[in-house]
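Summary of structural features
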Amino acid sequence: MALMNTLLSTYRKVELFFGNMKFAVIIIMLFAISLGYGTFMESYHGTEYANRLIYKSLWFMGIQFGMFLSILFATLIRLPPKKHLYGFYVIHAGLIIIFIGSFITYQSGVDGTITLTPNLPARNIQLSDDELKIQFPSKGKEVTVNLPYTAFQKDLGYEYEGIVLKNFLPFSENKQDWVPVKVEDPSQASSRYRIYTPNFGEFVTLSLHPQSDFNNTQQMGPLNVHYMPASLSKCFGQNTPDGLIIWNGETTGCISPTPKEIKKKKNVTGQEMIEVTFDGVRVQFLPQMSPLPLDDKMNLSENSPYRIFSKKLFEKSPHLFLFGKHAAFFDREAKKWSTANFDIGEEISLPWMGFKIKLLDHRTDAYPTMLPQYVKPVQENGQVIKGQTKAIEVSIGDQTFWVKSGEPISFNQNGERIIFDLGKKSLLLPYELVLDQFKMDTDPGTNNPASYESFITLFRGNAGSSKHHVFMNNPLKFENFTFYQASYFQTNEGPFGSVLSVNFDPGRFWKYLGSLLLVLGSIWHFVLRKKPVVKPGEARD
Amino acid sequence: MIKFIFIFLMTVTSAMAQMDFCTKELETYPVQAGGREKPLYVLANETVRFMTGSDKIGELSATEAFCKLSLKAFGMPLELPVAIKVDHVEVRKLLGLSEDQTSIPVNELEAKSGLLTEEMAQLKENNSYKKELSKVEQRLNTYRAIINARAWIVPLKKDDKIEFVSIGEFLTQSRVESAQGKGSNPVSYLFAEAKADYLAAKGDKYLLELKYYKWNLFVWALLSSLLSIILFVVMKNKIPGFIFAGLTIVMEIVAMTIRVMISGRAPITNMYETVMFSGFGALVIACFIYFMRRDLMFILAGLACNVLGLMMMKFANGMLDEGISPLVPVLRDNFWLSTHVSTIILSYAGLALSWLLANVLLIKSRFGNVSSQEYRYQVDLIYTCIKVGVVLLAAGIILGGVWADYSWGRFWGWDPKETWSLIVLLIYMAILHGKYTSWITPKRFVPMVAGAFMSVMMAWFGVNYILASGLHSYGFSEGGAIFLGSFFLIQTVILIIGSLKISKEA
């Protein structure tokens, strides 16, 4: 009995707390402020960020639950029923039912999209949650890791058979980073420059390291930039009549032979052949045919480390050769090759249209690479323009790498292949949809779309097939799912593909019922209830 | 070849020069523009106003000027004083204008058009300056389209079907030559023939739009509303006031009906139409409440809201586009569009009434003497309007959910427009619930109601003009941010002035 009383008085306290009108005002305002914040976040950072940060976050669920408690206890506290509150009961019952309906939808509803490429059967519904699939093809095994619906970087701390999943970035952008090398090799150097004119400029990162994401050449409008080992720079500075440079790819040494050092002859077909001595070795080339040297049988030898090329090829258009802290280019006015040296932070002038180049960084102890880094996404004119890539940092043994959304990675571990695929969760339909045609009409005389229509065939295996026409405000309802025209895309082959949103909402009935009660209750409560205040000076009827 | 073209152009120009082709009669000529068929008068006025900000070019009406400019393509030697509108001060500076020069002669602009393109290419951020640059460029391109005979799209019967072609394609050499000798001159013969074909095939329904624009019913409604307010205030006898209030309603119903007949849809699909419908709605709701509560304040508030709406329609052309254009596919469902949007707009109208009454009471009690009994009564009037607004808003939001569920498969999607309409409901709910606590006394209720309308303005205009993203971005246009900013500023100033007294009393 005492326990009963304690329980009852505790309940009374709970009821008084949540059913209090002041609690209602506070929770309503909290809800409204969160929503306002959400709309601005959506405007600046896009729908997905707003969903992850606010609308589908735990704390926002908490506020909604607070609303639910407030509505529930405000009703309970006013029981047994009083006649003048009938409208109030109906409104609040409606709201409670809407909350229940929404919860059912949240728990067991499906909201996804299906992408239809013309004439290709599809049955895969893409959902909004992310997952990482780890496949072991040799074992025929697959592990799926659900990824958290967060707006921020998160350490997953997940481990499976030596595979460790570390940071998950729901929004990321590739940014340049330096990865230290184990053994320094001057011929695998990397540098970062700024090449600019008074009107425009560009940061250029060039690398000779085989694992770098950056190349050793880059084009900037009319200017071609080539990045080479520093040991080659001396050969570019030497002005020889033939302009030939021969270099050894293994030692990265080079020579720029003078006419005296070159023996010229013709081969059997009459092509010019030259012979030079490099590091004491006699090497023969057909310089007009190939950069490769000839072997003893007069065939081109791909295995030889020697290469030849002529600087003359690079004299007609702007070519800039960079060797870390050295640069070489053909000065057309002086009609000769010039070289220049610069240290980090220094700049030199180039002979084309006021171009200048500044050395920003030069390293042999590390190579540049593009690593995903967390960014807040940016939305402009209704389009997310930054941060759309998701990424997970994976670590196996002493190796660490990133798996990005839409770019599956295959990894070899002791001869066993492991495939990592970061993508959306999906659901398989028990039937197939085929897009026969996507049609877009425009308003007469304009390019403005007037309608989007998908003509679809639905195949149910042995149960036969049926034709359907899906367009705006005319969805296809089949079994539990409803398919709505949502978007379209152009395939490489030309015809349009269609995107349908797919929906299953078990809470629908309750939401509609609650809405109806809410509206009827409001009318009852407001319109039919209260006697108005009488105008001063007039008698009450 | 050059000789041939020259002779052909001579035929066209001399034919046109002979008979003064560009007359007011062309106003009724059917054209195609923006995906619709309309009279040339409407196209010419919309185009000339877009380019120059005025309805005339020199002494010529928009139709005459549009026609003459189009004929430049056929070698008609003619110089019209076309001046392209430039709104942004920074753009004026860029074009070498002084800060108070609102337009630039088109030839000067043509000479500086490279400057525009260059400046736009250099700007990364899509700010108001860049938007205005691109708008000026659009105006110039519109001019170019006219003088190249691309802007005037006329009907032409081909294989028993009416097609639309630009007059560049309409007046081809072979067609003009084949019409030689028919009628008074070949060009007017071709135009008359095409119009007759069009009328035979499609009738003259398109001419309704000409009447709609020429009658200017909304301007008359504005005058009638103002007159009604004056009569109510000045005269003891309320009947004349009611007559003009009724006349206003009738004129607005006629105007909106014509608009519906032209566009074939409910008159609530863009900002211009929602402002129009809300002003009308406020007056109608006010009349309904008047029949229940019998207080003239409602009618006066309704008329005032109606006047505000009509003023915006008349004078805020930069923000509200009067033109009738086809809908984006998402909205092409008349039933749901009509019910959902009109319910929401009516609820805004109801809340606008409460906002107006609250501000009036705020200022009255600040500068005049309002007895506490009178104050309580006025609060009750405000409360009545809020009740109407809130019930309609809840119903409208739910109808929107039902439409979204029906068209997109989800009841609710946190789209900014729907989210803001929910915020509005929540704010008014917080006020209505707070009324039962000690937090919101009648003295605090009034400024809160006046301030709460800022959330309505945010949901109504702010989402389109400030947030401008999501499914509802169909109403996006320029100039609204300044309007909204000014509204918030003025409302805040009124609140501060009004609340000074309250704190003095307390």
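Residues numbered from 1 in each chain as written. Chains lettered and ligands numbered in written order. Predicted model: local features only at pLDDT ≥ 70, side-chain atom pairs only at ≥ 80, totals over all residues.

Attention shifts here to the overall build of chain A. When you go through chain A residue by residue, the secondary structure sums to 7 helices and 33 strands. In terms of C-alpha radius of gyration, chain A reaches 36 Å, well past the compact-globule figure of 24 Å for 541 residues. Along the first, second and third principal axes, the C-alpha atoms of chain A reach 125 × 60 × 60 Å. For chain A, with 541 residues in total, the buried portion stands at 28%. A fraction of 53% describes how many contacts in chain A between residues 6 or more apart in sequence connect residues 24 or more apart. (Helix = DSSP H or I, 4+ residues; strand = E, 2+ residues; numbered from the N terminus. Rg over C-alpha atoms; globule rule 2.2 N^0.38 Å. Buried ≥ 20, exposed ≤ 12 C-beta atoms within 10 Å, placed from the backbone. Contact = placed C-beta atoms within 7 Å.)

Glancing now at the overall build of chain B. In terms of regular secondary structure, chain B is built from 20 helices and 8 strands. Reported as C-alpha extents along the three principal axes, the dimensions of chain B are approximately 90 × 55 × 50 Å. A burial count over chain B gives 45% of its 506 residues as buried. Considering only contacts in chain B between residues 6 or more positions apart, those separated by 24 or more positions represent 68%.

Turning to the sheet that holds strand β20 (residues 347–349) of chain A, a few remarks are in order. In a beta sheet, neighbouring strands are held together by backbone hydrogen bonds and run either parallel or antiparallel to one another. Residues and elements named next belong to chain A. Ordered in space as β7-β6-β21-β20, the 4 strands form an open sheet in which the pairing is antiparallel. Single-partner strands in this sheet number two, and they are β7 (201–207) and β20. When strand polarity is set aside, the average angle formed by the axes of neighbouring strands in this sheet is 25 degrees. The pairing of strand β6 (residues 190–196) with β7 spans 7 bridges and is classified as antiparallel. Residue pairing across strands places Arg192 opposite Thr205, the latter belonging to β7. (Pairing = 2+ DSSP bridges. Axes fitted to C-alpha atoms, helices over the stretch in contact; angles between N-to-C directions.)

In this complex, chain A contributes 48 residues to the contact, which on the side of chain B involves 47 residues. The set of elements that each furnish at least two residues to the side of chain A that touches chain B consists of α2 (21–45), α3 (47–55), β23 (378–380), β29 (449–459), β32 (481–490), β33 (496–504) and α7 (508–527) of chain A. The element best represented in the side of chain A that touches chain B is α2(A), accounting for 14 residues. Of the residues in the side of chain A that touches chain B, the class split is 23 nonpolar, 18 polar and 7 charged. (Nonpolar A, V, L, I, M, F, W, Y, C, P; charged D, E, K, R; others polar.)

It is worth spelling out the sheet that holds strand β10 (residues 244–248) of chain A at this point. Here we have 3 strands laid out as an open sheet, ordered β11-β10-β16 (chain A), and antiparallel in their pairing. Each edge of the sheet is formed by a strand with only one pairing partner; in this case those strands are β11 (254–255) and β16 (306–310) of chain A.

Residue and element names in this part refer to chain A. With omega at 0 degrees, the peptide bond leading from Leu79 into Pro80 counts as cis. Looking at the secondary structure, you find Pro80 in the loop between α4 (58–76) and α5 (86–108). Although it is not a glycine, Asn414 sits at a positive phi angle of roughly 50 degrees. You can see Asn414 is positioned in the loop between β27 (409–413) and β28 (416–442).

The next point concerns the domain arrangement of chain B. All names here are of chain B. On domain assignment, one finds that chain B holds domain 1 (2–206) and domain 2 (216–505). Relative placement of domain 1 and domain 2: their C-alpha centres are 39 Å apart. Contacts between domain 1 and domain 2 engage 5 residues on the former and 5 residues on the latter. Grouping the amino acids of the side of domain 1 that touches domain 2 by side-chain chemistry returns no nonpolar, 2 polar and 3 charged. (Domains from an automatic or database assignment.)

What follows is about the environment of A:Pro318. Residues and elements named next belong to chain A. Mapped onto the elements of the fold, Pro318 is located in the loop between β16 and β17 (319–322). The sequence separation of Pro318 and Phe459 amounts to 141 residues, and the corresponding C-alpha distance is 61 Å. In this structure, Pro318 is in contact with Pro222, Leu223, Asn224 and Trp352, ignoring residues within four places of it in sequence.

Residues and elements named next belong to chain A. Structurally, the position occupied by Ser207 is in strand β7. Given 22 C-beta atoms within 10 Å, Ser207 falls into the buried group. For the pair Ser207 and Thr217, spaced 10 residues apart in sequence, the C-alpha to C-alpha distance is 8.7 Å. Excluding anything up to four places from it in sequence, Ser207 contacts Ser190, Ser212, Phe214, Asn216, Tyr367 and Pro368.

Right, let's talk about the domain arrangement of chain A for a bit. In terms of domains, chain A is made up of domain 1 (2–109 + 508–527), domain 2 (112–124 + 426–504), domain 3 (140–178 + 369–424) and domain 4 (182–364). Between the C-alpha centres of domain 2 of chain A and domain 4 of chain A the distance comes to 55 Å.

The next point concerns the pairing of strand β1 (residues 30–33) of chain B. All names here are of chain B. Residue alternation in β1 divides its side chains into two sets, Pro30 and Gln32 and Val31 and Ala33, and both sets are buried. In this sheet, strand β2 (residues 36–39) lies alongside β1 in antiparallel orientation, the contact comprising 4 bridges. Bridge pairing in β2 links Pro30 to Pro39. As consecutive antiparallel partners, β1 and β2 are separated by 2 residues, and within that stretch Gly34 has a phi angle of approximately 55 degrees, a positive value.

Here the focus is the packing of helix α14 (residues 271–293) of chain B against helix α15 (residues 296–315) of chain B. The geometry of a pair of packed helices is captured by two quantities: the angle between their axes and the separation between those axes. Two elements in contact, α14(B) and α15(B), have axes separated by 8 Å at closest approach and are oriented at 175 degrees. Put simply, α14(B) runs roughly antiparallel to α15(B). (Parallel < 35°, antiparallel > 145°, perpendicular 65-115°, else oblique.)

Residue and element names in this part refer to chain B. Between its first and last C-alpha atoms helix α7 (residues 128–147) spans 29 Å; for 20 residues at 1.5 Å apiece the expected length is 28 Å, and the two agree. Within α7 the residues assigned to the buried category are Leu133, Val136, Arg139, Tyr143 and Ile146. The buried residues of α7 occupy an angular sector of 145 degrees when the element is viewed end-on, so they sit on one face. Tucked into the core, α7 has its buried residues touching α2 (40–52), α3 (62–71), β5 (83–85), α4 (89–94), α5 (106–111) and α6 (113–122). Phi for Ala149, located one or two positions after α7, is positive at around 60 degrees. (Expected span 1.5 Å × (residues − 1). Arc of directions from axis to C-beta.)

Further remarks concern the packing of α2(A) against α4(A). Residues and elements named next belong to chain A. Where α2 contacts α4, the axes come no closer than 10 Å and their chain directions differ by 150 degrees. Comparing the axis directions of α2 and α4 gives the class roughly antiparallel. For α2 against α4, the interelement crossing comes out left-handed. Facing Phe23, Ala24, Ile27, Leu30, Phe31 and Ser34 of α2, the residues of α4 in contact are Phe60, Ile63, Gly66, Met67, Ser70 and Ala74. In terms of residue class, the contact of α2 with α4 is built from 9 nonpolar, 3 polar and no charged. (Left-handed = near helix turned anticlockwise from the far one by under 90°.)

Take the confidence of the model for chain A next. Residues shown with low pLDDT carry predicted positions that ought not to be read at fine detail. For chain A, mean pLDDT is 88; residues scoring 70 or higher make up 98% of the total. No element of chain A has a lower mean pLDDT than strand β12 (residues 263–266) of chain A, at 80, and none a higher one than α4(A), at 96. (pLDDT = per-residue confidence, 0-100.)

What sets the pattern is the α-helix's 3.6 residues per turn: residues three or four places apart point alike. With 37 residues, helix α17 (residues 372–408) of chain B should reach 54 Å at 1.5 Å per residue; the first-to-last C-alpha distance of 52 Å fits that figure. One or two positions beyond α17(B), positive phi appears at B:Gly409, with a value near 85 degrees.

This brings us to the pairing of strand β2 (residues 122–136) of chain A. Residues and elements named next belong to chain A. Relative to β28, β2 runs antiparallel, the two sharing 10 bridges. Among the inter-strand pairings, Glu131 is bridged to a residue of β28, identified as Gly423. Here 6 bridges tie β2 to strand β3 (residues 141–146), and the two strands are oriented antiparallel to one another. Among the inter-strand pairings, Ile134 is bridged to a residue of β3, identified as Val143.

All names here are of chain B. On average, chain B scores 87 in pLDDT, and the residues at 70 or more come to 92%. Low pLDDT (under 50) marks residues 469–477, which in the prediction has 27 contacts with non-local residues, meaning those over four places away or in another chain. As scored by the predictor, the complex reaches a pTM of 0.85 and an ipTM of 0.88.

On to the environment of A:Leu286. Relative to the helices and strands, A:Leu286 resides in the loop between β14 (281–285) and β15 (293–294). Under the C-beta neighbour-count criterion, A:Leu286 is labelled partly exposed, with 19 such atoms within 10 Å.

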